[in-house]
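So you can see what is in the structure, the chains are spelled out below.
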Amino acid sequence: VKLGSFPPDIPGVESQDLILDATTPPAFNPGGWSSLEIPLADFVTPDNFDWANLGQLVISTNDARLVLMDNVYFHK
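The model shown is predicted, which means the values in this text are computed figures rather than measured ones. (Residues numbered from 1 in each chain as written. Predicted model: local features only at pLDDT ≥ 70, side-chain atom pairs only at ≥ 80, totals over all residues. Heavy atoms only, no water.)

**Student:** Residue-level account of the overall build of the protein chain, with values.
**Tutor:** Counting its secondary structure elements, the protein chain contains zero helices and three strands. Helices and strands in the protein chain line up, N terminus first, as β-β-β. When each of the 76 residues of the protein chain is scored for burial, the buried share is 16%. Accessible surface computed for the protein chain: about 6100 Å², of which carbon and sulfur atoms make up 55%. (Helix = DSSP H or I, 4+ residues; strand = E, 2+ residues; numbered from the N terminus. Buried < 20%, exposed > 50% of the residue type's maximum accessible area, 1.4 Å probe, protein only. Areas by Shrake-Rupley, 256 points an atom, 1.4 Å probe, with all protein chains shown as cover.)

**Student:** Which residues make up the sheet that holds strand 3 (residues 54-58), and what values do they have?
**Tutor:** As summarised here, the arrangement of the three strands in space is 2-1-3, forming an open sheet in which the pairing is antiparallel. Of all the strands in the sheet, the pair left with one neighbour each is strand 2 (14-17) and strand 3. In this sheet, adjacent strand axes meet at a mean angle of 20 degrees when their direction is disregarded. Here strand 1 (residues 2-5) pairs with strand 2 via four bridges, running antiparallel. Directly across from Ser5, in strand 2, lies its bridge partner Glu14. (Pairing = 2+ DSSP bridges. Axes fitted to C-alpha atoms, helices over the stretch in contact; angles between N-to-C directions.)

**Student:** Quick one: what's the story with the side chain of Ser5, residue by residue and with numbers?
**Tutor:** As for its placement among the helices and strands, Ser5 is situated in strand 1. At 2.5 Å, the side chain of Ser5 forms a polar contact with the backbone oxygen of Asp50. (Polar contact = N/O pair within 3.5 Å; in protein donor to acceptor, adjacent residues only side chain to side chain.)

Spelled out as structure tokens, the structure:
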């Protein structure tokens, strides 16, 4: 999982990664539906990461599998 922020005063994109698999909390279940509640605190970010301009959520795999997402929510 990668989050991308697009701060207006900084050129480029800031990004933070979080790797999930069957052994990480929350566990990711390949080949089936997974309901993930990922605390934003799990992303190790520098103090200046601009959460207010979060504009990208990237899900990728290391083996080029198709990833489908439904019902993505951010909440406090």
